Amino acid sequence: METNLRERIGFVEGDITKMDVDAIVNAANTSLLGGGGVDGAIHRAAGPELLAETRKIGGCPTGEARVTKGYRLPAKWVIHTVGPIWSGGNRNEDELLANCYRNSFEAAIEIGAVTVAFPSISTGAYRFPMERAINIALRETKSFLQANQSIKKVTFVCFGREVYNKYQEVFKEVFH
Ligand code: ADP
């Protein structure tokens, strides 16, 4: 069972907008109107139709997720989730980040996504400590995949070799 579980998780170094999966997850902000980092890259690659759709949605609270189409992206869907802004660790940041993963997985199930790719939510402009965030990401992914068989592959898209190495390191701890 554990072996099967490990095979359902993968890591690549690269740009999430290039991922040919059913759904990519966007580290959005509460406005859902686009921003910098991965959010900006996704909006640029998807085209203006994406912004038109997120405008209609009207926003998303921290920790929750909303689905749009992928438009010009290879991915069919975009799951927009809003990570917490790190402010020292006493503002429920860990739980809110865990909620991002849980709610993104729930959204993936609702749209019937079998393959899903995640960026490292909250670790850019929102300054969540990388190792702590990866721990949460991998723990939530592990428990979700254990409880749910419909998602066959979760890929973590690492922006840079250092981030990739960190995921590998934490993966060994969480899936020892
Ligand atoms: P947040 O506001 O949630 O911190 P950011 O987009 O600033 O979101 O950063 C989240 C993570 O996404 C960071 O680790 C950043 O390096 C990474 N990132 C930025 N652009 C891309 C991209 N095109 N594909 C994958 N990851 C990316």
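Our subject is the structure that appears above.
Peer 1: Help me get a handle on the packing of helix α5 (residues 130–147) against helix α6 (residues 161–174), residues and values and all.
Peer 2: At a minimum axis separation of 9 Å, α5 and α6 run at an interaxial angle of 50°. Relative to α6, the element α5 lies oblique. When you trace α5 past α6, the crossing you get is right-handed. Between α5 and α6, the residues in contact are Met 130, Glu 131, Ile 134, Asn 135, Leu 138, Arg 139 and Lys 142 and Val 163, Lys 166, Tyr 167, Glu 169, Val 170, Phe 171, Glu 173 and Val 174, respectively. In terms of residue class, the contact of α5 with α6 is built from eight nonpolar, one polar and six charged.

Peer 1: Just give me the short version of the pattern of salt bridges, but keep the residues and values in it.
Peer 2: Summed over all chains, the structure comprises nine salt bridges. Between Asp 15 and Lys 18 there is a salt bridge, with its nearest N and O atoms 3.9 Å apart. Between Arg 102 and Glu 140 there is a salt bridge, with its nearest N and O atoms 2.9 Å apart. Separated by 38 residues along the polypeptide, Arg 102 in helix α4 (residues 93–110) and Glu 140 in helix α5 bring together distant segments of the chain. Judged by relative accessible area, which is 35%, Arg 102 ranks as partly exposed. Given the relative accessible area of 14%, Glu 140 is considered buried.

Procedures and definitions
Residues numbered from 1 in each chain as written. Predicted model: local features only at pLDDT ≥ 70, side-chain atom pairs only at ≥ 80, totals over all residues. Heavy atoms only, no water. Axes fitted to C-alpha atoms, helices over the stretch in contact; angles between N-to-C directions. Helix = DSSP H or I, 4+ residues; strand = E, 2+ residues; numbered from the N terminus. Parallel < 35°, antiparallel > 145°, perpendicular 65-115°, else oblique. Left-handed = near helix turned anticlockwise from the far one by under 90°. Contact = heavy atoms within 4.5 Å. Nonpolar A, V, L, I, M, F, W, Y, C, P; charged D, E, K, R; others polar. Salt bridge = Lys/Arg side-chain N within 4 Å of Asp/Glu carboxyl O. Buried < 20%, exposed > 50% of the residue type's maximum accessible area, 1.4 Å probe, protein only.

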